[in-house]
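# A look at the structure
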Amino acid sequence: MAKHLRKIVQALWGLITNAYVKGFLPGKSSIYRGPLKRFCVPGMNCYSCPGALGACPIGALQAVLTERHRRFPFYVLGYLAAIGLFVGRFICGWLCLFGLIQELLYKIPTPKIHIPEKVDKVLRYLKYAVLLILVVGLPLCYRSRYGAGEPFFCEYVCPVGTLEGGIPLVIFNKGLRSSIGWLFGWKMLILIVCILSSIFIYRPFCKYICPLGAFYSLFQKISLIRIKVDTSKCIGCGSCSKVCGMNVDPLRNPNSTECIRCGECIKACPTKAIRFSASGRELKDAKKDEVTS
């Protein structure tokens with residue numbers, strides 16, 4: 001069970017945050033609009049998913065930015081910054097249901113695609129462009145003739161919303177089926193591309209598109225929880241970098257902005273030279289000190 005602990009946590013978190021069973025009942029489907037929806041979950045989780053109990057932070061951010069009277073999204077940005085300062089991209093590795101789906105798809109036995117390092121390096125910046133332009137820039141600056149903006153990322157791109165919200169709503173709501181237009185087809189195409197590419201590339205959405213991962217990555221090097229390498233124990237075998245699906249070398253850059261802190265490098269290290277740390281102290285040592293005292 002310990003071997004699959006992270007995936008179990010991801011799956012359980014997905015079930016807990018989408019536990020509004022009534023929303024999935026045929027003929028009775030409806031989006032939960034109770035008090036819990038006022039709060040954001042830490043990971044990507046579509047507001048329109050019939051089972052969603054909390055709001056998506058990216059959706060909440062865009063909802064504020066698209067209002068007629070422009071307001072600064074203090075709550076959402078403060079909330080996300082607090083998470084980033086505490087754990088960085090740990091959320092991506094442990095609490096993202098869409099990340100789990102991508103990982104399971106990658107396990108399908110097929111030849112895998114190795115993207116050249118120079119191309120991969122450039123593509124990694126795409127998620128920052130998505131964050132700045134589609135999540136923040138256009139919703140904030142563009143205004144329709146009615147004075148409101150548009151949630152460009154959620155409306156035109158987000159494959160998570162299509163999978164968790166769009167498809168279930170269409171399946172369980174007959175009224176929506178007759179109103180399906182080009183936009184649903186476009187977003188289905190994006191979702192299909194994400195699904196197919198996930199079979200051959202490890203977590204492509206997380207690497208190249210996810211704006212939430214881009215935001216959390218800004219705090220990787222200063223977050224409270226980080227990864228620490230004890231160079232006195234390291235034997236330079238390269239086991240840690242070989243198991244990293246995000247193509248990070250923990251020895252050279254243990255807190256890379258691309259690291260999702262999944263802990264696979266920690267499990268692969270034969271000398272236990274890699275650890276999670278809090279404020280520079282290894283968590284294991286901190287626990288020993290507590291017991292001793």
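Note: the structure precedes this text.
Sequence positions are assigned chain by chain, starting from 1 and proceeding in written order. Side-chain atom pairs in this predicted model are given and counted only at pLDDT of 80 or more, local residue features only at pLDDT of at least 70, and totals for whole chains, interfaces and linings cover all residues. Excluded from the side-chain calculation are hydrogens and water; included are all heavy atoms of the structure.

### Side note on the overall build of the protein
Each helix is a run of DSSP H or I of at least 4 residues and each strand a run of E of at least 2, with the numbering of both proceeding from the N terminus. When its secondary structure is counted, the protein shows 16 helices and 3 strands. Values of the radius of gyration come from C-alpha atoms, whereas the globule rule sets the reference at 2.2 Å times the count of residues to the power 0.38. Its C-alpha atoms give the protein a radius of gyration of 20 Å, near enough to 19 Å, the size a compact globule of 293 residues would have. Seen through its principal axes, the protein has C-alpha atoms that stretch 65 × 45 × 40 Å. Relative accessibility thresholds used throughout: buried, under 20% of the residue-type maximum; exposed, over 50%; partly exposed, between the two (1.4 Å probe, protein chains only). By the burial criterion, 45% of the 293 residues in the protein qualify as buried. Any pair of residues with heavy atoms lying within 4.5 Å of one another is described as a contacting pair. Pairs at least 24 residues apart make up 74% of the contacts formed inside the protein by residues separated by at least 6 positions. Here the Shrake-Rupley method, with its probe set to 1.4 Å, supplies the accessible areas, and only the displayed protein chains count as covering residues. Here the protein displays about 15,500 Å² of accessible surface, and carbon together with sulfur accounts for 69% of that area. Neither His nor the chain ends is counted toward charge; the positive residues are Lys and Arg and the negative residues Asp and Glu. Lysine's charge is taken at NZ, arginine's at CZ, aspartate's at CG and glutamate's at CD. One finds the centroid of the 39 positive side-chain charges in the protein at a distance of 6 Å from the centroid of its 15 negative side-chain charges.

### So, the packing of aromatic side chains
A pair of Phe, Tyr and Trp rings is counted when the ring centres sit within 6.5 Å of each other, with Trp represented by its six-membered ring. The angle between the planes then sorts it: under 30 degrees is stacked, over 60 is edge-to-face, the rest tilted. Under the definition given, this model contains 12 aromatic pairs. A ring pair is formed by Phe90 and Trp94, whose centres lie 5.4 Å apart and whose planes are at 10°; its orientation type is stacked. Of the two residues, Phe90 and Trp94 are both situated in helix α4 (residues 90-94); the distance of 4 residues between them amounts to about one turn of the helix. For Trp94, a relative accessible area of 15% corresponds to the buried category. Through pairs of rings, three or more aromatic residues link up here, namely Phe90, Trp94 and Phe276.

### Some words on the packing of helix α9 (residues 159-172) against helix α11 (residues 182-200)
Packed helix pairs are characterised by how far apart their axes lie and by the angle those axes make with each other. Running from N to C, α9 and α11 cross one another at 125°; their axes reach a closest spacing of 9 Å. One way to sum up the angle between α9 and α11 is to call them oblique. Note that α9 runs across α11; the crossing there is left-handed. In contact with Pro159, Thr162, Leu163, Gly166, Ile167 and Val170 of α9, α11 contributes Phe184, Lys187, Met188, Ile190, Leu191 and Cys194. Classifying every residue of the contact of α9 with α11 gives 9 nonpolar, 2 polar and 1 charged. Angular values range over 0 to 180 degrees, each being the angle between N-to-C directions of two axes fitted as lines to C-alpha atoms, with helices fitted over their stretch in contact. Convention used here: angles under 35 degrees read as roughly parallel, angles over 145 as roughly antiparallel, angles from 65 to 115 as roughly perpendicular, and any remaining angle as oblique. Handedness of a crossing is defined here by the sense of rotation of the near helix relative to the far one, left-handed for an anticlockwise turn of less than a right angle and right-handed for a clockwise turn. Note on residue classes: Ala, Val, Leu, Ile, Met, Phe, Trp, Tyr, Cys and Pro are nonpolar, Asp, Glu, Lys and Arg are charged, and everything else, Gly too, is polar.

### Observations regarding the pairing of strand β2 (residues 274-278)
When you tally the buried positions in β2, you get 4 out of 5 residues, the bulk of the element. Pairing between strands is defined by DSSP: at least two bridges between the two strands are required. Two strands pair when backbone bridges link them, and strand β1 (residues 225-229) and β2 are joined in this way by 5 bridges, in the antiparallel orientation. Paired with Val229 across the bridge in β2 is Ile274.

### Some points on the environment of Arg6
Within the secondary structure layout, Arg6 lies in helix α1 (residues 5-17). With relative accessibility at 5%, the residue Arg6 sits in the buried group. Residues Arg6 and Ser48, spaced 42 residues apart in sequence, show a C-alpha to C-alpha distance of 26 Å. Residues contacting Arg6, with those up to four places away along its chain left out, are Gly93, Trp94, Glu103, Tyr202, Arg203, Cys262 and Glu264.

### Thoughts on a nonpolar patch on the surface
Taken together, the side chains of Leu132, Ile133, Leu138 and Tyr142 make up a nonpolar region of the molecular surface, amounting to roughly 370 Å² of accessible area. Positionally, Tyr142 belongs in the loop between α7 (126-141) and α8 (152-156). Residues with no salt bridge and a relative accessible area higher than 30% make up the patches, which join like charges within 9 Å and nonpolar side chains (Val, Leu, Ile, Met, Phe, Trp, Tyr) within 5 Å. When a carboxyl oxygen of Asp or Glu lies within 4 Å of a side-chain nitrogen of Lys or Arg, that pair is called a salt bridge.

### As for helix α2 (residues 57-65)
An α-helix turns once every 3.6 residues. As a result, residues three or four positions apart point the same way. Across the 9 residues that make up α2, a large majority, 7, are buried. If you check which residues of α2 are buried, you get Pro57, Ile58, Ala60, Leu61, Gln62, Val64 and Leu65. Tucked inside the fold, the buried residues of α2 contact α3 (74-87), α7, α8 and α13 (211-217).

### Description of the side chain of Thr66
Position of Thr66 among the secondary structure elements: in the loop between α2 and α3. Under this definition, polar contacts are N or O atom pairs within 3.5 Å; protein pairs additionally need one hydrogen-donor-capable and one acceptor-capable atom, and for neighbouring residues in sequence, both atoms have to be side-chain atoms. At a separation of 3.2 Å, a polar atom in the side chain of Thr66 contacts the main-chain carbonyl oxygen of Ala63. Not counting chain neighbours up to four residues away, the residues in contact with Thr66 comprise Pro139, Arg143, Ala148, Gly149, Glu150 and Pro151.

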